[in-house]
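# Secondary and tertiary structure notes
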Amino acid sequence: MKEKVRYVSADLLRGLVIIIMIEVHVFNAFLLPELRQAGWFGVLNFINGLVAPSFLFVSGFAFQVSSGGKLDEMRKLGRAFWKKIGRIFQIIIIGYALHLPFYSLSKIIKQSTPQLLESFFAVDVLQCIGFGLLFLFLTRLLIKSDKAYHYFLIASLIIVTVISPFLWKIEFANYLPIVIANYFNRLHGSLFPIFPWLNFLLAGGIFAKYFVEARERSEEEKFIKKIAIGGLITLLFGHFFYSGLFPKTLTSILPNPVFYLERLGYILVLFFLCWYVDKKFDLKKSFILDASRESLLVYWLHLIIIFGAFWGGKSLAMIIGTNLNALESVGVTIILISLMIVIAKLWGWIKKTYPKHPSILVKVFVGVLVLVFFIS
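The structure reproduced in this document is the subject of the present report. Keep in mind it's a predicted model, so treat the numbers as computed, not measured.

## Comments concerning the overall build of the chain
Counting its regular elements, the chain contains 20 helices and zero strands. Projecting the C-alpha coordinates of the chain onto the three principal axes gives extents of approximately 60 × 55 × 50 Å. Looking at the chain residue by residue over its 376 residues, the buried ones come to 45%. Of the contacts formed within the chain by residues at least 6 apart in sequence, a portion of 76% connects residues at least 24 apart. Of the roughly 20,400 Å² that the chain leaves accessible, carbon and sulfur atoms contribute 69%. Across the chain, the centroid of the 38 positively charged side chains sits 5 Å from that of the 21 negatively charged ones.

## Overview of empty space enclosed by the protein
For the coordinates displayed, the defined rule picks out one cavity of 30 Å³ or more. Roughly 50 Å³ of internal volume is contained in the largest cavity. Thr 161, Ser 164, Pro 196, Pro 255, Asn 256, Pro 257, Phe 259 and Tyr 260 are the residues that line the largest cavity. Those elements that provide at least two residues to the lining of the largest cavity are α10 (146-167) and α15 (257-280). Top element by residues in the lining of the largest cavity is α15. It accounts for three residues. Looking at the lining of the largest cavity residue by residue, the class counts come to five nonpolar, three polar and no charged.

## A closer look at the nonpolar core
Within the largest apolar cluster, 99 residues are counted, with the highest numbers of intra-cluster contacts made by Phe 207, Phe 211 and Phe 271. If we skip the residues at most four places from it in the chain, Phe 207 touches Phe 57, Phe 61, Phe 223, Ile 224, Ile 227, Leu 268 and Phe 271.

## Considerations on the environment of Phe 237
Relative to the assigned elements, Phe 237 resides in helix α13 (residues 220-241). Between the C-alpha atom of Phe 237 and that of Val 17, which follows or precedes it by 220 residues, the distance is 24 Å.

## Details of the layout of surface pockets
Gaps left between atoms are located by rolling a probe of water-molecule size over the structure's atoms. One number sums up the size of the second largest pocket: a volume of about 330 Å³. Residue lining of the second largest pocket: 20 residues in total, with Gln 64, Ser 67, Asp 146, Lys 209 and Val 212 positioned closest to the centre. Elements represented by at least two residues in the lining of the second largest pocket include exactly α1 (2-6), α4 (51-66), α10 and α12 (194-216). By residue number, the principal contributor to the lining of the second largest pocket is α12, which donates seven residues. When grouped by side-chain class, the residues that make up the lining of the second largest pocket number eight nonpolar, five polar and seven charged.

## Quick look at the packing of aromatic side chains
This model, assessed by the stated rule, comprises 37 aromatic pairs. Taken together, a centroid distance of 5.5 Å and an interplanar angle of 45° make the contact between Phe 57 and Phe 207 tilted. On the criterion of sequence distance, the pair formed by Phe 57 in helix α4 and Phe 207 in helix α12 is long-range, its members being 150 residues apart. We note that Phe 57, like Phe 207, is buried. Between Phe 57 and Phe 271 the ring centres are 6.5 Å apart and the planes differ by 70°, which places this aromatic pair in the edge-to-face class. Highlighted residues: Phe 57 in helix α4 and Phe 271 in helix α15, separated in sequence by 214 residues. Counting every residue linked through ring pairs, the aromatic cluster contains Tyr 7, Phe 57, Phe 61, Phe 207, Phe 211, Phe 223 and Phe 271. Across from the ring centre of Tyr 149, 5.0 Å away, lies the NZ or CZ of Arg 140, which sits over that ring. Against the face of Tyr 210 rests Lys 209, its NZ or CZ located 5.5 Å from the ring centre.

## What to know about the side chain of Asn 48
Inspection of the secondary structure puts Asn 48 in helix α3 (residues 39-48). Setting aside residues no more than four positions away along its own chain, Asn 48 makes contact with Ile 20, Glu 23 and Val 24.

## Considerations on helix α2 (residues 8-30)
Over its 23 residues, α2 extends 33 Å from the first C-alpha to the last, a length consistent with the 33 Å expected when each residue adds 1.5 Å. Judged by how many residues are buried, α2 sits mostly within the fold: 20 of 23 residues are covered.

## Digging into the side chain of Ser 67
Mapped onto the secondary structure, Ser 67 falls in the loop between α4 and α5 (71-75). Among the polar contacts made by the side chain of Ser 67, one reaches the main-chain carbonyl oxygen of Gln 64 at a distance of 3.1 Å.

## So, the pattern of salt bridges
Taken as a whole and judged by the stated rule, the model has eleven salt bridges. Of the charged contacts in the structure, one is a salt bridge between Glu 220 and Arg 215, with a shortest N-O distance of 2.8 Å. Taking relative accessible area as the criterion, Glu 220 reaches 7% and is therefore assigned buried. Notably, a salt bridge pairs Arg 217 with Glu 219, separated by 3.2 Å at the nearest N-O pair. Assessed through its relative accessible area of 47%, Arg 217 is described here as partly exposed. By sharing partners, the salt bridges in this structure join Asp 290, Arg 293 and Lys 345 into a single network.

## What about the packing of α2 against helix α17 (residues 295-307)?
Remark: α2 packs on α17, axes separated minimally by 10 Å, with the N-to-C direction vectors making an angle of 10°. The angle between the axes of α2 and α17 places the two elements in the roughly parallel class. On α17, the residues touching Arg 14, Ile 18, Met 21, Ile 22, His 25, Val 26, Ala 29 and Phe 30 of α2 are Ser 295, Val 298, Tyr 299, His 302, Leu 303, Ile 306 and Phe 307. Split by residue class, the contact of α2 with α17 holds eleven nonpolar, three polar and one charged.

Rules of the game
- Residues numbered from 1 in each chain as written.
- Predicted model: local features only at pLDDT ≥ 70, side-chain atom pairs only at ≥ 80, totals over all residues.
- Heavy atoms only, no water.
- Helix = DSSP H or I, 4+ residues; strand = E, 2+ residues; numbered from the N terminus.
- Buried < 20%, exposed > 50% of the residue type's maximum accessible area, 1.4 Å probe, protein only.
- Contact = heavy atoms within 4.5 Å.
- Areas by Shrake-Rupley, 256 points an atom, 1.4 Å probe, with all protein chains shown as cover.
- Lys, Arg positive; Asp, Glu negative; His and termini not counted.
- Charge placed at Lys NZ, Arg CZ, Asp CG, Glu CD.
- 1 Å grid on protein atoms, 1.4 Å probe; cavity = no way out; pocket = protein on both sides within 12 Å on 5 of 7 lines; lining within 4 Å.
- Points joined across faces, edges and corners; volume = space filled by probe spheres on them.
- Nonpolar A, V, L, I, M, F, W, Y, C, P; charged D, E, K, R; others polar.
- Core = buried A, V, L, I, M, F, W, Y, C linked by side-chain atoms within 4.5 Å.
- Phe/Tyr/Trp six-rings, centres within 6.5 Å; stacked < 30°, edge-to-face > 60°.
- Lys NZ or Arg CZ within 6 Å of the ring centre and 35° of its normal.
- Expected span 1.5 Å × (residues − 1).
- Polar contact = N/O pair within 3.5 Å; in protein donor to acceptor, adjacent residues only side chain to side chain.
- Salt bridge = Lys/Arg side-chain N within 4 Å of Asp/Glu carboxyl O.
- Axes fitted to C-alpha atoms, helices over the stretch in contact; angles between N-to-C directions.
- Parallel < 35°, antiparallel > 145°, perpendicular 65-115°, else oblique.

Structure (structure tokens):
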């Protein structure tokens, strides 16, 4: 409990991000196409574009602050190692499961088209987070020195930034299976290939080290204010870069390093705001923290509700379609967010009250899903 309170600013940011993510998917699934041309939607779309980078950043932060425990046991491939590996691969598996063209092995074999399979193999944010955590975890075990590991993260961030524009021009499917090739660029539909999106996760890990050290030196406030100023300068430079004053030979580079820096600047400012709110208010019972603690459950469940084909082989996204106006989309968003918070609170209460039961329930639930997948 102490750790959660100590880094509640990160929990707040993750909770805020997961709540906004629900709005992103609701508006993408239901909003009338003509409303997407309105000026307000452009602003909303930019804000929504900060969700995935923030989610990656917080994932890197959380890994860094929790990576120091049981390292010796993990390096011996003990129980802690397999438990950690299991959690990481759980994230990756859920990411792919959400992209299944049909929830039936026989239908996948008989009815899948090349387009459906390409969508299934595309790398989304959960796969990117899972691979990123696997990368951080395995290198943390290999590099025993904390200082050397930190410098390795910085070097990795620089390398990913530099080589990403070159990797986006290579057709890796000519050399690798498509499931692996999709992790390198977006040529086959990947929304979050590790180049360059891994950078946000790396930045979260690097930031966490300095944040924790500043906290231990009782210089947290001084550090976080400097970070906020740096973030503000960085995001303003990003907007200036894309203002049209720079030549297209620079602004057209994809993925552009300035695109990454601009969004990192926003994330640092958001982290400062979450830190400030934490210092001013008692948020121990905040619904945002409830969503944060069960972020993976909320992420999976709200997508299943919107896109799961449970209504005669159709999803709500297919049944309702892009036919809602702005007010109706806001209403659906509020309803879905409220539902997710209630479920997050309930699941958190169950885990606290009956600590042995949740893992059993999850295993039974997953077992039933796997059985249905193979026999249906």
